[in-house]
Amino acid sequence: MIKQECDNLSSSFKKNNLSSALIFKVQNTRLKFSNEVPGYSYQTTAGSCNYTFDAKKLYLTPWLRLDVGKDTSVDYSLYAYSSSDVDTAKVVKNVTAASSLLAFTGVGMGVAVLGQVAGQWFNANPQNQTTSATSPNVSQSTESHTMPPFVSYTNTTGTLKDTVFKINVVAEGGLSLLGKEAKPFGELRLYPELTPSLFLKTNANGLPDAHDLSWAEINATPVKSASGDINLQQLIEQSNHPEKPNLTPDWQNYDDVHSQCRKLKRVLKDLGFNKFDRNVYLYYFLANSTDWLNYNISAQKVQDESINTKTLQKYRSKNFAQCLVTEDYNVMKAMGLFVNNDTDWGQMGDTSQKKAQFFAPLQAIERQLVAVLKQTQPAEMASQLYPLLSSAEKGEGTVLLQNRLGAFGLEKLLEPEQVVVAQPVSATGTSPEAVTPAPTPVQAPVIPGAGIIITAQQLAQVLSGLAINELSCARIIPEQLDKSSANTGILLFTTQANSPRAKGGALEFEFSAGKINRIAFQAPSYRDFEQHVKDHPELGECRIEPALLARLHE
């Protein structure tokens, strides 16, 4: 209903003395379900054309299977009052806020609205508080109707149907919703719609949003059933499906989780779950599995942690293919869940391949250098070093040597070895009186800051004299990690007890065209390498354990 002759609306607003409200009552006897929801409130002022109309989109029922939902009936009641002491909108708001209490006490929303109206009128008229109960000087009207079904069913399909409320005009001073004086003014049309999800919010695109849920939260979702309210986990566990799933498999066992996922998917389909609810439940079920988390690793994490190609291939191989198909992954993505589909894996594969190509030159040099460093015979070490070295100044078989590790006796390690000359033997078989020649002084080379060029034999002499104990794998220096190519690597080494360099250090090498051009001994902290290793233990298929770093400082 609406006031007569209200064609021109004023911007002012006065206290209301005509108000009405619509309340829906939803029932499903099969599910023992009953619910009441306010539909709209209307307020206006006597002698003025100011009015407010508050209506909103409502969900009248919880998520129901359509074959069960067709037994749902919707009644509606109209409440109208002509008292300036009654604010119907506030009444409906108060009753709605107390809906959980009403459900607990069994008091219906309609009864509560009538009680609130009486209370508002009584409190607004103090004289009634000291006299006997008097009928309030207020015109009121109440009527109830049953709405036609929102859905009409034909075999396996259903059609949504609109419902129309006729709106009539009424004269001042009286209220008669069904009286002869009521004239048609217009209509209020209700458009039913099916929500696509059991327990999810809907985003701006009309699709369910599932990104902020948890496994425990989903399992606790209440579901209406013929036996009363149960939660979603109980519904699944109580199903009579021949392949009932175990919702708590061995999460570290891929085959077990994969098998239970297949069973769970079948059960969810049989229970009538649509693709949104089914896939969000499967997602959070699988989220307990490390293999699932690895399969859906982010591209950023792959890049930040430089996860190697071999590890990525292992992650991708456990793709739960017997449970989930491409459409399932696409539905999960549409709901805001982070998953990797074939396109994502293709992109990560390309990135991983580029990373592998970036580290390949370093790894080739590293394999040869480490093999040499593990050699125990200096002569053999020198012969293996020769083709691996090439300095810009003197060419193949030479290298620029630098020392940034401090005074640990590197110059002494470069001193030529003393050659012992055998004395001739006389015919009688005795040696002549031994004469010890004065030793020829040998000047140890001084290593300037820029370094010196040494031969493969000299480098072998230095490396043998260091008495290396442990070697790490080699890594690109941090400054070059964001470059298109790199030419400098570092590896760590510890030394034996008889080494001139206690504990150990770092060996930096610069290379080009498959040859080492420069070698520098330096502290592990140089170039902030040690901290970078702590922050990123694995990089480019090279993992350096914290224990090795610790031994450099023991």
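Each chain has its residues counted from 1, running along the sequence as written. Local features in this predicted model are restricted to residues whose pLDDT is 70 or higher, and side-chain atom pairs enter the listing and the counts only when it is 80 or higher, whereas totals over whole chains, interfaces and linings include all residues. The basis for every side-chain value is the complete set of heavy atoms in the structure, and neither hydrogens nor water enter the calculation.

**Describing the overall build of the protein**
- Working definition: helices are DSSP H or I runs of at least four residues, strands are E runs of at least two. Numbering for both runs from the N terminus. Broken down by element type, the protein carries 18 helices and 25 strands.
- For every residue, the accessible area obtained with a 1.4 Å probe (protein chains only) is divided by the maximum for its type, and the residue is called buried under 20%, exposed over 50%, and partly exposed between those limits. Looking at the protein as a whole, 42% of its 554 residues are labelled buried.
- Of all intrachain contacts in the protein linking residues separated by at least 6 positions in sequence, the fraction that spans at least 24 positions is 65%.
- In the structure as shown, the protein presents an accessible area of about 30100 Å², 51% of it carried by carbon and sulfur atoms. Whether two residues touch is decided by their heavy atoms; if any such pair falls within 4.5 Å, the residues are in contact. Here the open area of atoms and residues is found with the Shrake-Rupley method and a 1.4 Å probe, where only the protein chains shown may cover a residue.

**Notes on the packing of helix H14 (residues 378-385) against helix H16 (residues 456-466)**
- Lines fitted to the C-alpha atoms define the axes, with helices restricted to the stretch that makes contact. Angles between their N-to-C directions range from 0 to 180 degrees. Following both chains from N to C, one finds H14 and H16 inclined at 130°, their axes separated by 8 Å at the closest point. Of the possible angle classes, the one that applies to H14 and H16 is oblique. As H14 packs across H16, the resulting crossing turns out to be right-handed. Contacts between H14 and H16 pair Pro378, Met381, Ala382 and Leu385 from the former with Ala456, Gln457, Leu459, Ala460, Leu463 and Ser464 from the latter.
- Tallied by class, residues from the contact of H14 with H16 come to eight nonpolar, two polar and no charged. For classification purposes, an angle smaller than 35 degrees is called roughly parallel, one larger than 145 roughly antiparallel, one from 65 to 115 roughly perpendicular, and anything else oblique. Each crossing gets its hand from how the near helix is turned against the far one by less than a right angle, where anticlockwise is left-handed and clockwise is right-handed. Nonpolar residues are Ala, Val, Leu, Ile, Met, Phe, Trp, Tyr, Cys and Pro. Charged residues are Asp, Glu, Lys and Arg, and all others, Gly as well, are polar.

**Thoughts on the state of the cysteines**
- Here, two cysteine sulfur atoms that lie within 2.5 Å of each other are counted as a disulfide. Going through the model one piece at a time under the given rule, you end up with two disulfides.
- Paired by a disulfide, Cys261 and Cys323 hold their sulfur atoms 1.9 Å apart. Handedness of the Cys261-Cys323 disulfide follows from its S-S torsion of about -65°: it is left-handed. Highlighted residues: Cys261 in helix H7 (residues 254-270) and Cys323 in the loop between helix H11 (309-317) and helix H12 (326-334), separated in sequence by 62 residues.
- Note on Cys261: relative accessible area 0%, which makes it buried.
- Here Cys473 engages in a disulfide with Cys542; their sulfurs sit 2.0 Å apart. In this structure, the disulfide formed by Cys473 and Cys542 twists by about 85° around the S-S bond and is classed as right-handed. Separated by 69 residues along the polypeptide, Cys473 in the loop between strand S19 (468-471) and strand S20 (475-476) and Cys542 in strand S25 (residues 542-543) bring together distant segments of the chain.

**Observations concerning unusual backbone geometry**
- For Lys503, which is not a glycine, the phi torsion comes out positive at approximately 70°.
- Here Lys503 is to be found in the loop between strand S21 (488-495) and strand S22 (504-512).
- Note on Lys503: relative accessible area 37%, which makes it partly exposed.
- The residue Arg527 is not glycine, and still its phi comes out positive at about 60°.
- Along the polypeptide, Arg527 turns up in the loop between strand S23 (515-522) and helix H17 (529-535).
- Exposure remark for Arg527: the relative accessible area of 27% places this residue in the partly exposed category.

**Notes on the confidence of the model for the protein**
- Scored from 0 to 100, pLDDT records how confident the predictor is in each individual residue. For the protein, the mean per-residue pLDDT works out to 76, and 65% of the residues sit at or above 70.
- pLDDT under 50 marks residues 7-16. Its contacts with residues more than four places away, or in other chains, come to 17 contacts.
- Across residues 172-178, where pLDDT falls below 50, the model places 19 contacts with residues more than four positions away in sequence or in other chains.

**Notes on the pairing of S23**
- Counting buried positions along S23 yields seven of eight residues, so the element is predominantly enclosed.
- Strand pairing follows a simple DSSP-based rule, namely that at least 2 bridges must link the two strands. Judged from the five bridges that link them, strand S17 (residues 398-404) and S23 form a sheet pairing that is parallel. Opposite Asn403, over in S23, you have Phe521 as the bridge partner.
- Where S22 meets S23, seven bridges bridge the pair, whose relative direction is antiparallel. What sits directly across from Glu510, in S23, is Arg518.
- Joining the antiparallel neighbours S22 and S23 is a turn of two residues, in which Ala513 adopts a positive phi near 55°.

**Here we look at the pattern of salt bridges**
- Criterion for a salt bridge: a side-chain nitrogen of Lys or Arg within 4 Å of a carboxyl oxygen of Asp or Glu. All told, the structure shown has 13 salt bridges when counted by the stated rule.
- Across the salt bridge formed by Glu545 and Arg543, the nearest N and O atoms sit 3.0 Å from each other.
- Residue Glu545 is classed as partly exposed on the basis of its relative accessible area of 40%.

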